[in-house]
Structures are given as structure tokens and as C-alpha cells.
Amino acid sequence: MAAPLLHQRDFDRTTLRPRHLALMPKLAEAYFAYDGPMDPARLAVFTKEVDRAISTASKTLRFGLVLMLDVIMWSPLFIIGKLSTFEGLSLEDRASYLTRLERSRIVPLALIFVAWKTLLTMVFFEEPEELAVLGYPGPARTRYLTVVSST
Amino acid sequence: MTSVSPEAHAADNCDAILHGREQEAPFFAKVDVVIVGSGSGGAVMARELARDGRSVLVVEEGGHFLPSEYGAMSPSNSIRRLAREAGLAVAVGRGDTPLISVMSGKCVGGSSVLTGGVCFRIPDEILHEWSTDHGLGELTPEKLAPYFEEVERTIHVETVPEAMRSRSSQLFVEGAAAMGVKMKSLRRNTKGCHGQARCNFGCPHGAKMSVDLSFLPDAYAHGAKVISDALVERIDFSMNRATGVRGRFLDGRTGEPRVPFTVQAKVVVVACGSLHTPVLLRRSGMDTAAIGKHLTLHPGFRICGLFDEEVNGWDGAMQSIYSDHFESDGITLVGVYSAVNVLAAGMPGIGKEHRRVAAEMPRMAVFGGMVHDDGGGRVHRWLSREPLVTYRMSARDRARMFKGIQILGTMAFRAGAREVLLPVFGSEPFKTEKELEFLTERPPSAQRVESMAFHPLGSAKMSRDPRGGVVKPTGEAWEADNLIIADGSVLPSSIGVNSQVPVMAMSLKIARGLCDDWARYARRA
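In this report, we go over the structure that sits alongside the text. Note that the structure is predicted; figures quoted are calculated from it, not measured.

1. A word on the nonpolar core
By size, the foremost hydrophobic cluster in this structure holds 99 residues, and its most contacted members are Ile35(B), Met45(B), Val56(B), Trp130(B), Ile155(B), Ile235(B) and Leu483(B). Ignoring any residue separated from it by four or fewer positions in sequence, one finds Trp130(B) in contact with Ile122(B), Gly135(B), Leu136(B), Leu139(B), Leu491(B), Pro492(B), Ser493(B), Ile495(B) and Met506(B). One finds Leu23(A), Phe46(A), Leu98(A) and Ile112(A) within the second-largest nonpolar core, a separate group that totals 61 residues.

Right, here's the structure in full:
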């Protein structure tokens, strides 16, 4: 009997709650926007993909990840003194806030920045158009042909 | 038999693999040997015992995927399906220690599916230390050589041809040469590598001879069976003897444990790897003091050099060179690369600044290294079925890590890099060799270093007496009869080199001992 297709075998568990689903596009935009706001439809698709990516992890790790999101959500009050949650900030303020986190002397805060940036970047730069912008030509390779032709 | 094509593998093994997620009714089996885990340790055990005529059942928590499917997965898709904790597992640093990302496999084939394919034997000096200081006289280079030879034959270990070196690796060689350091060609378990530089996500061409393509098909041919998506929750004991395992199949929809299974066996082999073997032993009620202690990781690091020329580091073998020049400092240098999106994740800054650096990807080379470490790690059982791993880096290893990063950065500049990105959170790109001196003169907190590990070892180590470890030199647990441990957790100390071949060779030795002494084990059962 043939195995079912890959995506049919994925567990359909999800992790992000509504408040995180609202936060995620704003977080992704702050990490990746470089010439103005990003397309909301694209960010919505991206958010779902991130949810799928983390949902195979254990309960404890998923709890840790959403706890970090909650810290990101509420900490602007304490770190940059803005009376707002993260998603209520302007794009410029969100970017500035994340830069503060990355350079924070409080290591756990920097680690929160790094953990989510690593995860989001991996998923974001997997899209073919983003890979093309980075100059990645796709899976075609030539170097091994030298070895093949010499044997 | 050494290997099969991916297509033949898919066609031949349908009957040998039972998908636990499809099971609706409780399951019971009675076999000679049940093996928990299908990675480098478990697969070797399965083949040897099946060849010896034993009925063998391998129970694997992860899913079963075909080699053709590895190529159909993007890197993040691959990690979430094939790796533990969706690739996000970490060792939590204690004291001035980095948070270390620890990659391990959770699929049929285990971590061997996710390695770069690098193959080393255990260095002679390490074996001398084991056979003298640790009193393990069976582990000399001479006595282990036949096992290494057989493993290397089976998984097709070959030297990476120079022509397969990526431009990134060539620049590493040039930078090293400028410092008077000679790089050597690595050996890998490949057959027909296309140089996709994505070995860490499952080889898309079935060219990497991971155990699902080498040892396991041979085990299937001799009657062994594998159950995937099956979580073993405890080992059963009668008196002081292991009698089987029990657990639950993972639900096909939610991934949570659901339908129960029980396997009775004359011998139980635990091969869940260094992170999960201790958890299973503890959950099963074992209280040997050394369980979960002495974990070593080989903390790794990498730097990126930005050059003026086109590097296109993705074209060529992911890993092809290494240097043991700094062996006396406990540092091994290794050529590395990874998927473009994974590399982008390690670049500094956000928004425009991140985009500026990421757009340099075609002109970027990556140099890597790892530390031959002390056993500062511990595996704890805690809230979920995944362990809590903690790691305290010794002052010696911290100094080694910063020295290694400085060496790599210097090599990048000597090779012509105009900017170097260090694995230190919040640091700006460096523009001169002199700027790197702070790494050894005024090093930053190690907690800010981005580190990763791929070789967790030693958490149920082998010892000459019951007070020093968890298993006897035969691989049998000191605390229970007929319970064999055969994975990286039994290695007595850090080895300073990639561990897949050492784990396979050690398992092969343990398996041969078990086969030779089968009558005694069977009599006890």
C-alpha cells in the first residue's frame, strides 16, 4: 500500500491562540519589512506556516514559545516606555523596539529576540521570490558534474 | 549488501514497516529482541540480530519517510517532520554558557538522516584513554578496527573529491593556508552526491547512505520489522530482568499518544540517543546514579565571511574539509554550509540592515568549528516527554570556543573577506582582523554566542564498575539483566569528532557480543 502524501500525514495540531495570531504579522513585518508595510494577505499565510512549523514540538516547548510572544507583546511598556502593546506600535517603533531587544544587556530578552527571529527567518526566506531576491538560483547544481565526468 | 536505490527502498520495505499512526486497536507482539529507536545505534543492532536469526522488532517514535520525500520538503518542513522538537531543542546554559541548539532526529533512520554525512573513527588517543584510564581494555584501536571497517563498507564511506569542494570550502582552505594551517579532505557516507549542500534536511537524491538506506533494508531482508509513530513509555521488568516495553501509538491527527501497545522480548535494546535514553531509563524506574550525567555536546560555532567575488557556497558538498591542526587546543575546524534560509536566520540586524547582509548571500562563505568538551551536560526528566537538557561550559571550553571563533574570523580575512559576521548576538559586522582580538582579550559573555551541537554523547556511559557508569563493557545495563543500551549515550567521554560512525561501530561491537552470547541471554529470559 502506498504511503499517503506528505501533507496528509502532518498532524493538524495548532499552537497560536487568537492574540498570537494578531501579534505574529506585526512581528514578522517588523523583522522583515525594508521598504514600507508588507502585504497583509501574505503575512496571514506566513503566520499559518509559522504555526504549523512550531506545532510538532512538545507541549513544554510550545508553551515556552508562546510565553516569549506574550513577553514581546507586553514588554514595550517597560522597555521603551510606550503605553501600548507591541502590535499597537508603528512599524518604525516596532523595528526600533526589536533592535533594542537584540542588543539588550539582559540576556534572556536578547534570546527571546533571537529565538523568534531564527524561526521566522527560516520560514520567511523559504518562499521562492524571497530566495530569488537573495540571489539563490534554486536546486540546480553544476560542481558535481566535474566529478561525474572524470569517473 | 551495502545500499539500495531510493526507489528500490520504497518498493521493498512496504511490508517491513508498520505505521503506528494508522493503528486503531491495541497491539501486542512477542519477539526475541525489541529495539527502541531506529537511528545509528538501533539500526545496526537490528541488522546484526536479524542476520543472526532473531525475531526483531524496532519501535520508533518518529515517522517513516521515503528518500524521495526528503527532496520534496523545504528545509523548515523537513526539520519539523524529521527532527525532535521541530528542530528547536536546546541545551539550557548554566552559568556563563551559551544556549546551545541541539539537533537530533526523530524519524526512521534517526539522526543519521540529518547529519552532514561526515565520517570519522574515534581518534586513537581517545581510545587509549578509554582502554587505560577508564579500564575498558576492549576498546583499543586494534580491537575496534574491524567494526569500523565493516561500518564504513556498509554505509559507503568515501573521501570527498576536491572537485566537490564548494567555493566556500576553497576559501576556507586558502584562509587556513595563509595561517600555515593545512586542511584535509573529509570522508562521508555518500554514493552519487550532487552537492546540494542540504544533507541536514535529508538527502534529496538518496545519495547519503543514512541507516534507513543502508543497515535497515538489510535488517528488513532478514525479517526485522519497524513500527513508526510509536512512543515507548516504559521498559517492563520482572525481578531484575528486562522483559519488554510498553507505550502508545501516536494519533494520526493530533500527534498525541493514543492506542496502547505492548511488546514482550527476551532482550530489550534501548537506542534512543543520548537525550532520550536517560529519560526512558528513569521513567522505567531505574536509579543508577550516572543516568543522564556526563553529557558532552561538542559545542559548535560558525562565522560568515563576505567576499567581493561570487562564492555561491550552495554549489558543492555541504562538508568537505576539516583540520585537526588545533587538536591540542581542543578545537576541530570543519567546512560547513547550510540552506540559504537557515544561514539568513543567523545574520545580524532586522529590516533593511538584515536585508543588506542577506543579499550578500551569493558572496558569502561559511567556516565552522567545534570544541572537544568536558562532560558538563545533564539530561533531566521533566514536564513533557522531551527531556530538559542543561549544560555548564567549563572555563577551559569557553576559552576554546572564543579562540576557535577568532581563528575562523582571521582565516576569513586572510582569504580576502571584506566583512566578517561573528556568532555573537547584537554584534556588528567586523571589518579588520585586529577587531577580532577582543574575543580572546576581553571576551563577551558566552551567553551571547550562537552555538549548536549535533553530537550529544555519554549520558549513560560505559564503565568498568557499576559506580562509574550505566552499562558494562558488553552494553548490558549494570542495574538490569537483558537490558542493552546501544547508542551514543554509552560512549565514555567526548570524542572530538563527528559521532555517527563511532556510534555505529560501538553498536556493532555490542551486537556481535550479544549474538555470540545469545544462549546465556535466552536462558535468563
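Moving on from the model shown.
2. Quick word on the packing of aromatic side chains
Here a ring pair, both rings aromatic, is described through the centre-centre distance and the interplanar angle of the planes. Taken as a whole and judged by the stated rule, the model has 14 aromatic pairs over all chains. Taken together, a centroid distance of 5.9 Å and an interplanar angle of 90 degrees make the contact between Phe32(A) and Phe125(A) edge-to-face. With a gap of 93 residues between them, Phe32(A) in helix H2 (residues 18-32) and Phe125(A) in the loop between helix H7 (107-124) and helix H8 (128-133) connect regions that are remote in the sequence. For the pair Phe32(A) and Phe125(A), a shared accessibility class is recorded, and that class is buried. Put simply, the rings of Tyr31(A), Phe32(A), Phe46(A), Phe113(A), Phe124(A) and Phe125(A) pair up and form one aromatic cluster. Over the ring of Tyr521(B) we find Arg520(B); its NZ or CZ atom is 5.0 Å from the centre of that ring.

3. Quick look at the pattern of salt bridges
All names here are of chain B. Within the structure shown, the criterion is met by 59 salt bridges over all chains. With a closest N to O distance of 2.8 Å, Glu233 and Arg248 form a salt bridge. Here Glu233 is found in strand S10 (residues 230-238), whereas its partner Arg248 is found in strand S11 (residues 241-250), with 15 residues between them in sequence. Look at the salt bridges and you will find they share partners, linking Asp308, Glu310, Glu353, Arg356, Glu360, Arg363, Arg418, Glu419 and Lys431 into a network.

4. Some details on the interface of chain A and chain B
Taken residue by residue, the interface counts 62 residues in chain A and 65 residues in chain B. Each partner contributes to the roughly 5300 Å² buried at the junction of chain A and chain B, and carbon and sulfur atoms together form 57% of this total. Remark: the boundary between chain A and chain B carries 7 salt bridges. Note that Arg13(A) and Glu256(B) form a salt bridge whose closest N and O atoms lie 2.7 Å from each other.

5. Notes on the environment of Ser101(B)
Residue and element names in this part refer to chain B. Summarising the element assignment, Ser101 is placed in strand S5 (residues 100-102). Placed 411 residues apart in sequence, Ser101 and Arg512 show a C-alpha to C-alpha distance of 34 Å. Excluding residues within four positions of it along the chain, Ser101 makes contact with Ala89, Val90, Ser451, Met452 and Ala453.

6. Describing the packing of helix H7 (residues 167-178) of chain B against helix H12 (residues 395-414) of chain B
A pair of packed helices is captured by two measures, namely the crossing angle of their axes and the spacing between those axes. Residues and elements named next belong to chain B. Close contact between H7 and H12 brings their axes to 7 Å; oriented N to C, the two are set at 100 degrees. By the angle between their directions, the pair H7 and H12 is classed as roughly perpendicular. In contact with Phe172, Gly175, Ala176 and Ala178 of H7, H12 contributes Leu408, Met411 and Arg414. Looking at the contact of H7 with H12, its residues break down into 5 nonpolar, 1 polar and 1 charged.

7. Some points on unusual backbone geometry
Residue and element names in this part refer to chain B. One non-glycine residue, Ala86, lies in the positive phi region at around 55 degrees. Secondary-structure assignment places Ala86 in the loop between helix H4 (75-82) and strand S4 (90-93). Among the residues examined, Ala86 registers a relative accessible area of 8% and is labelled buried.

Cut-off values and rules
Residues numbered from 1 in each chain as written. Chains lettered and ligands numbered in written order. Predicted model: local features only at pLDDT ≥ 70, side-chain atom pairs only at ≥ 80, totals over all residues. Heavy atoms only, no water. Core = buried A, V, L, I, M, F, W, Y, C linked by side-chain atoms within 4.5 Å. Buried < 20%, exposed > 50% of the residue type's maximum accessible area, 1.4 Å probe, protein only. Contact = heavy atoms within 4.5 Å. Phe/Tyr/Trp six-rings, centres within 6.5 Å; stacked < 30°, edge-to-face > 60°. Helix = DSSP H or I, 4+ residues; strand = E, 2+ residues; numbered from the N terminus. Lys NZ or Arg CZ within 6 Å of the ring centre and 35° of its normal. Salt bridge = Lys/Arg side-chain N within 4 Å of Asp/Glu carboxyl O. Buried area = accessible area lost by both parts, 1.4 Å probe. Axes fitted to C-alpha atoms, helices over the stretch in contact; angles between N-to-C directions. Parallel < 35°, antiparallel > 145°, perpendicular 65-115°, else oblique. Nonpolar A, V, L, I, M, F, W, Y, C, P; charged D, E, K, R; others polar.

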